[in-house]
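Okay, here's what each chain looks like letter by letter:
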Amino acid sequence: MKKLLLFAVLSFAVQFVFSQTDEHESYRSILKDGWKMQSAVTDASAGSQISEPNFQAGSWYKISVPTTVIAGLLANKVYDFDPFYGRNFEKLTDPRLDKPWWFRREFELPASETGKNVVLKLHGINYKANVWLNGVLIADSTQIIGPFRIIELDVTKHIRYKGQNVLAIEVKRPFDPNKKGGDLAIDYADWIHYPPDFNNGIINNVEIKTFRKVGVEYPLVTTKFDLPSLVVAHLQVDAMAINYTGTEEDAIVKGKINGDIRFEQKVHLMPHEKKQITFTPAQYPQLNIKDPHIWWPWEYGKPEMNRIELSMIHQNEPSNEISENFGIRQVSSILINDNKSREFIINGKPIMLRGAAWSPDIFERRSREREEQELRLVKDMNMNIVRSEGKLEDDHFYDLCDKYGLLVMSGWMCCGAWQYPEKWDAAKRSVAMASDSSVMYWLRNKPSMLTWLNGSDMPPRDKKVEADWLAIEADLKWPNPTIASANESISKVSGNTGVKMAGPYDWVPPSYWEQDSTKYGGAWSFATEISPGPSIPPYESLIKFMPKDSISNSSQDWLYHCGTMQFGNTHIFDTALYARYGKPATMKAYLTEAQAQNYEGHRAMMEAYGLKKYNTATGVVQWMLSNPWPSLIWHTYDYYLYPAGTYFGMKKSMESLHVMYSYKSNDVNIINSTLKKYTGLKVKATIYNLDGALKYTKETTAEVAEDGISKCFVLPQINDLTAVYFLRLELKDAAGKVKSVNWYWLSAKKDELNWKKSTWYYTPESSFTDYSALQNMPVTTLSVTHATSKQGAGTTHTITVTNTGKSVAFFVHLRVLNDKNGTDILPVIFDDNYIILAPGESRKIDCSYENKYAGKGNPYISISGWNIDAAKSKTGESSGFEN
């Protein structure tokens, strides 16, 4: 396999990427650092002046690309406040944000590129731009339009092979992307307050590439197996051949897979022609690969990667070479459950998809480190899919998903201009078609890509738009299923979607998910966005974006950091919390209760869908994974990467081998999310009263098929239970190793749903369960010790927590701080958290993090719980109980 060598040209901070072969080098320059940005109001100079080397831009803002205008201003510390704190976001008003902004970059070409064809590649201009190079307008804002387009401009006539080149891009913001008839730009619907620049800027890479008259681009490797056998993979290779000249040209496209499988094809190109070329396994038998390295989603196997290299040979000289990773895998889908549920199939195996919806930073700030941190958290929660609605990321994001075996569902945005194609004029329609073509070329070879949605909240309202998009996707050989929308509406072009978007988006109790089986958000079909509503961050996060005296669920700052419209408060969640757990005396008590309600609500959703997999349910996407800014709703971890109640409820529910309780049928079940059959499993259920008294126990042996479900037993009616009681479930494998421990707190008084008053975003309750007795449960004591090991750049603490008292220890929360009186080390991975312990029970919990996030202090383990007698409990060195 070829190695990519990165050379930094210090004076200009240009990244040059050369793909090495025995014969030649291919040149690609990513213009990342060294940019200057300024408002066209502040500097009214003409583009012909700005794009010349002698232009004085010393007072302009220094930035890196990608960036939006506001992101660039924040990087230059123009604002003396944190825009996320309180309502500071409202202070970002500036009349210049409605006007164009200049992005200027100087660069040189290496001498080796002299005489070659030079192409400027723009991969994300939001929204329109005039592009100047060396004093010449090479494309105007009628040509450069749309943030999801990949636009390549042949700039050979205007390039300077010696000395400085100057690229100046005058970017104009989108208007009304959230409205019918607005610009086809980035939209946030009811997620957040809109950034006042509407993400105006350069939101993906800007590149310079060179060719010798012709080139090859956009490789695609498609796999077909003789299913169910995976012994032979039949590979088809496609790519685009391009002629950059005004004359007919002959060339040879050569290819290699994994360095040793070779193939080639002659191609004749008309002037300026772009032609699709194909290598089929029938014509090229070497593309029928025995015992291939197969890409699997992480739960099913290793996400093994392969490498393809394509080169274009012109007049016996190499023109360019492109190489990238790909996955040998085959994706399809079928409709089940009377066409209501779409079941996805990977390499011949059905897969139950459970994950969450991705959200980028509100200012479109790209961070490779942050992407890595977040996707590690996704996998730690045992999720296997992320959905990206109208928010396309960068190559690094998709590379990480490929690497970690995470699937991606992506598609166009809801609610604003994208949702109303009947309002588009010819220019907008052209942008929409070009955007679809760009996305197909860009994402089609990424193994993590599962499906593409041509609409979000409904199929395209203009039938011809969907038909034309489908034609583009077929012509460009999109290798995965395509769906009309994320909604259950039947498309007049492509028929049933097999997915649904029926809510809820606000609080519903754990029993909701199994009770509804046909109409709303219960465990049936494939729910593309769904949630039990708010995820209240812990106090440690709240104080980062809210004044202490505003930490109240009625304060203006609190409401500002909810969503918008129906989701501009936490009233529904709070009403349930007060009724179910008792009205808290303080806000810190409120935050403690909120973690319990977050945990049980999100766990139940994922468990119910897992329990019904391939029966009525085929997938579920939590709305959302994270927030574009610090928020009180719709996340699994907060903006600061703090994993709280929602996170650990999610993680528990999606264990690869999991034992669970059904709120509807009162039975105990095993969910297996792997391709391994388990026999000789031991399942144990134990019930405790509030005072820790043992009221029931049962143990049985069970087995579960690969990717299967096993019903173990029904819990009997038990007398003399306290108002709140605890159910402990434990699952061991045949060797006696504990695979799952899962606790439930239950009450004889059940949540009752008022289905007749359901809305699109929640179903109200007519009666609430009663967990208020948890406020006064008997105290207990803990013994906590930990051992620390350091390996390379990371640290792991193995924390042993033992309940040394006579009562159940409820919701024990572990934190690791950077010092005794310090702050949480984040990001952090805990095996488990918010744990419950029976009298005498002991659990070992591993906690790991990278040392660079720990600072220079002495890491400290902090412990808290609902009913812990801290004074009589014991801890080891560098640990202690919170007051």
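Not measured: the values here are computed from a predicted model.

**Q** Can you walk me through the overall build of the chain in this structure?
**A** Within the chain, the secondary structure is distributed over 12 helices and 51 strands. Taking 2.2 N^0.38 as the reference for a compact globule, 883 residues should give roughly 29 Å; the C-alpha atoms of the chain span a radius of gyration of 29 Å, in line with that estimate. Its C-alpha atoms give the chain principal-axis dimensions of about 90 × 60 × 55 Å. When the accessible surface of the chain is split by element, carbon and sulfur atoms take 49% of a total near 32,500 Å². Taking the average place of the 99 positive charges on the side chains of the chain and the average place of its 101 negative ones, the gap between the two points comes to 2 Å.

**Q** Even after reading the chapter, I still don't get the sheet that holds strand E40 (residues 738–747), so can you show me in this structure?
**A** Whether parallel or antiparallel, the strands of a sheet pair through hydrogen bonds between backbone atoms. Judged by pairing direction, the sheet is antiparallel, and its 4 strands sit side by side in the order E37-E36-E39-E40 without closing on themselves. Among the strands making up the open sheet, the edge pair consists of strand E37 (694–704) and E40. For this sheet, the mean inter-axis angle between neighbouring strands, taken without regard to orientation, is 15 degrees. The pairing of strand E39 (residues 724–732) with E40 spans 9 bridges and is antiparallel. Paired with Glu-730 across the two strands is Val-741, which belongs to E40.

**Q** Is there a simple way to think about the environment of Ala-432 in this case?
**A** By secondary structure assignment, the location of Ala-432 is in helix H5 (residues 426–443). Residue class for Ala-432 comes out buried when judged on its relative accessible area of 0%. In the structure, Ala-432 is positioned 248 residues away from Leu-184 in sequence and 7.5 Å away in space, judged by C-alpha atoms. Discounting residues that sit within four places of it in the chain, Ala-432 has contacts with Leu-184, Trp-418, Trp-424 and Trp-469.

**Q** Even after reading the chapter, I still don't get the pairing of E39, so can you show me in this structure?
**A** Sheet faces and side chains relate simply in a regular strand, where the side chains alternate between the two faces. When you tally the buried positions in E39, you get 8 out of 9 residues, the bulk of the element. Across 7 bridges, the pairing between strand E36 (residues 678–688) and E39 is antiparallel. Among the inter-strand pairings, Tyr-688 is bridged to a residue of E39, identified as Phe-726. Connecting the antiparallel pair E39 and E40 is a turn made up of 5 residues, with Gly-736 showing a positive phi of about 90 degrees.

**Q** Could you clarify how one ought to interpret the sheet that holds strand E49 (residues 860–864) in this entry?
**A** The sheet built from 4 strands is open, its strands ordered E47-E45-E49-E51 with mixed pairing. Edge strands, defined here as strands with exactly one partner in the open sheet, are strand E47 (835–837) and strand E51 (879–881). For this sheet the average axis-to-axis angle between neighbouring strands, irrespective of direction, equals 30 degrees. Of the strand pairs in this sheet, strand E45 (residues 809–817) and E47 are connected by 2 bridges, and their pairing is antiparallel. The residue bridging Val-812 from the neighbouring strand is Ile-835, located in E47.

**Q** I tried to follow helix H4 (residues 395–404) on my own but got confused; where do I start?
**A** With 7 of its 10 residues buried, H4 lies for the most part within the structure. Within H4, burial applies to His-396, Phe-397, Tyr-398, Leu-400, Cys-401, Asp-402 and Tyr-404. Of the surrounding elements, those touching the buried residues of H4 are helix H3 (368–380), strand E28 (385–389), strand E29 (407–411), H5 and strand E30 (449–453). Immediately downstream of H4, the backbone of Gly-405 shows phi near 70 degrees, a positive value.

**Q** I'm lost on the side chain of His-635 in this one. Help?
**A** Tracing the chain through its elements places His-635 in the loop between strand E33 (617–622) and helix H12 (645–653). A distance of 3.4 Å separates a polar side-chain atom of His-635 from the backbone oxygen of Ile-633. With residues up to four places along the chain from it excluded, the contact list for His-635 reads Ser-535, Pro-537, Gln-622, Met-624, Leu-625, Ser-626, Asn-627 and Thr-646.

**Q** Is there a simple way to think about the packing of aromatic side chains in this case?
**A** The relation between two aromatic rings is expressed through the spacing of the ring centres and the mutual angle of the planes. Considering all chains together, one arrives at 58 aromatic pairs under this definition. Ring geometry for Phe-148 versus Trp-418: centroids 5.9 Å apart, planes at 55 degrees, classification tilted. One end of the pair, Phe-148, is in the loop between strand E11 (136–145) and strand E12 (151–154); the other, Trp-418, is in the loop between E29 and H5, and 270 residues separate them in sequence. Residue Phe-148 shares its accessibility class with Trp-418, and that shared class is buried. Over the aromatic face of Tyr-188 sits the side chain of Lys-391, whose NZ or CZ is 5.0 Å from the ring centroid. One Lys or Arg, Lys-588, reaches over the ring of Tyr-539 and ends 4.2 Å from the middle of that ring.

**Q** Looking at this structure, how should I read the nonpolar core?
**A** Where a protein is soluble and globular, its nonpolar side chains tend to be buried together. Trp-745 and Leu-774 are the most contacted members of the largest nonpolar core, which has 247 residues in total. Examining the composition of this core, we find that 10 residues originate from one element, helix H11 (residues 587–611), more than from any other. In this structure, Ile-671, Ala-685, Ile-718 and Leu-746 belong to the second largest nonpolar core, which totals 25 residues.

**Q** What is the right way to look at the packing of helix H10 (residues 571–581) against H11 in this model?
**A** The angle between the axes and the distance between the axes are what describe a pair of packed helices. Close contact between H10 and H11 brings their axes to 10 Å; oriented N to C, the two are set at 100 degrees. With respect to H11, the element H10 is oriented roughly perpendicular. Contact residues: Phe-573, Asp-574, Ala-576, Leu-577, Tyr-578, Arg-580 and Tyr-581 in H10; Tyr-590, Glu-593, Ala-594, Ala-596, Gln-597, Asn-598 and Glu-600 in H11.

**Q** Teacher, can you tell me more about the confidence of the model for the chain here?
**A** With 97% of its residues at a pLDDT of 70 or more, the chain has an overall mean of 95. Considering only residues more than four positions removed or in separate chains, one finds that residues 1–24, a stretch of pLDDT under 50, has 64 contacts.

**Q** Please explain the pairing of strand E10 (residues 128–133) as it appears in this structure.
**A** Of all 6 residues in E10, 5 are buried, a share of seventy percent or more. Examined bridge by bridge, E10 and E11 share 5 bridges and lie antiparallel to one another. By the bridge assignment, Ala-129 is partnered in E11 with Ile-144. Of the strand pairs in this sheet, E10 and strand E13 (residues 165–172) are connected by 6 bridges, and their pairing is antiparallel. Each bridged residue has a counterpart across the sheet, and for Asn-130 the counterpart in E13 is Glu-170.

**Q** I'm lost on unusual backbone geometry in this one. Help?
**A** In terms of backbone geometry, most residues other than glycine have negative phi values and most peptide bonds are trans. With an omega dihedral of 10 degrees, the bond running from Leu-227 to Pro-228 counts as a cis peptide bond. Summarising the element assignment, Pro-228 is placed in the loop between strand E16 (214–225) and strand E17 (232–243). Of note, Asn-199 is a non-glycine position whose phi angle comes to about 60 degrees, a positive value. Summarising the element assignment, Asn-199 is placed in the loop between E13 and strand E14 (201–202). Residue Asn-316 is not a glycine yet carries a positive backbone phi of 65 degrees. Note that Asn-316 resides in the loop between strand E22 (306–314) and strand E23 (317–326). What makes Asn-316 exposed here is its relative accessible area of 77%.

**Q** How do you make sense of the pattern of salt bridges when you look at a structure like this?
**A** Pairing between side chains becomes possible if they bear opposite charge and their charged atoms approach one another. Applying the stated rule across the entire model yields 41 salt bridges. Where Lys-651 meets Asp-380, a salt bridge forms, and the shortest distance between an N and an O atom there is 2.9 Å. Residue Lys-651 is located in helix H12, and its partner Asp-380 is located in helix H3; the two are separated by 271 residues in the primary sequence. With its nearest N and O atoms 3.6 Å apart, the salt bridge here joins Lys-652 to Glu-655. Each member of the pair, Lys-652 as well as Glu-655, is classed as buried.

**Q** How should I be thinking about the environment of Thr-245 in this particular structure?
**A** For Thr-245, the location among the structural elements is in the loop between E17 and strand E18 (249–257). C-alpha of Thr-245 to C-alpha of Glu-273: the two residues are 28 residues apart in sequence and 8.8 Å apart in space. Of note is the side chain of Thr-245, whose polar atom sits 3.4 Å from the side chain of Glu-249.

**Q** How should the side chain of Thr-564 be read in this particular structure?
**A** Mapped onto the fold, Thr-564 is located in the loop between helix H9 (556–560) and H10. Discounting residues that sit within four places of it in the chain, Thr-564 has contacts with Ala-189, Asp-190, Ile-192 and His-193.

**Q** Any chance you could explain the packing of H11 against H12 here in plain terms?
**A** At a closest axis distance of 7 Å, the pairing of H11 and H12 adopts a crossing angle of 30 degrees. Judged by the inter-axis angle, H11 sits roughly parallel to H12. In the packing of H11 onto H12, the handedness of the crossing is right-handed. Along the contact surface, H11 presents Gln-595, Asn-598, Tyr-599, His-602, Arg-603, Met-605, Met-606 and Glu-607, while H12 presents Gly-645, Thr-646, Phe-648, Gly-649, Met-650, Lys-652 and Ser-653. Class assignment for the residues of the contact of H11 with H12 results in 5 nonpolar, 7 polar and 3 charged.

Conventions and cut-offs
- Numbering of residues starts from 1 in every chain and runs along the sequence as written.
- Owing to the predicted nature of the model, reporting of local features is limited to residues with pLDDT of at least 70; listing and counting of side-chain atom pairs is limited to 80 or more, with chain, interface and lining totals taken over all residues.
- The basis for the side-chain values is all heavy atoms of the structure; hydrogens and waters are excluded.
- The secondary structure listing takes helices from DSSP runs of H or I that are at least 4 residues long and strands from runs of E that are at least 2 residues long, numbered from the N terminus.
- We compute the radius of gyration over the C-alpha atoms and compare it with the globule rule, which gives 2.2 Å times the number of residues raised to the power 0.38.
- Surface accessibility in these figures is a Shrake-Rupley result with a 1.4 Å probe; residues are shielded only by whichever protein chains are displayed.
- Charge assignment in this entry is limited to Lys and Arg as positive and Asp and Glu as negative, and neither His nor the chain termini are counted.
- Charged side chains are reduced to one point each, which is NZ for Lys, CZ for Arg, CG for Asp and CD for Glu.
- Pairing between two strands is assigned when DSSP locates at least 2 bridges connecting them.
- Here the axes come from fitting lines to C-alpha atoms, over the contacting stretch only for helices, and the angles between their N-to-C directions go from 0 to 180 degrees.
- Classification of residues uses two cut-offs on accessible area relative to the type maximum, computed with a 1.4 Å probe and protein chains only: under 20% is buried, over 50% is exposed, and between them is partly exposed.
- Throughout, a contact is declared for two residues whenever any of their heavy atoms are within 4.5 Å.
- Definition of a polar contact: a pair of N or O atoms within 3.5 Å, with one able to donate and the other able to accept a hydrogen when the atoms are protein atoms, and with sequence-neighbouring residues admitted only if both atoms are side-chain atoms.
- Paired rings are identified among Phe, Tyr and Trp, the last through its six-membered ring, by centres lying within 6.5 Å, and are further divided according to the angle between planes into stacked (under 30 degrees), edge-to-face (over 60) and tilted (the rest).
- Think of it as a cone above the ring: NZ of Lys or CZ of Arg counts as a charge over the ring if it is within 6 Å of the ring centre and within 35 degrees of the ring normal.
- Grouping buried Ala, Val, Leu, Ile, Met, Phe, Trp, Tyr and Cys residues that are joined through side-chain atoms within 4.5 Å yields what is termed a nonpolar core.
- Here roughly perpendicular refers to angles of 65 to 115 degrees, roughly parallel to angles under 35, roughly antiparallel to angles over 145, and oblique to all remaining angles.
- Every residue carries a pLDDT, the predictor's confidence in it, which falls somewhere between 0 and 100.
- Salt bridges are identified by distance alone: a Lys or Arg side-chain nitrogen within 4 Å of an Asp or Glu carboxyl oxygen.
- In this scheme the handedness of a crossing depends on how the near helix is turned from the far one: anticlockwise by less than a right angle means left-handed, clockwise means right-handed.
- For this scheme, ten residues count as nonpolar: Ala, Val, Leu, Ile, Met, Phe, Trp, Tyr, Cys and Pro. Four count as charged, namely Asp, Glu, Lys and Arg, and the remainder, Gly too, count as polar.

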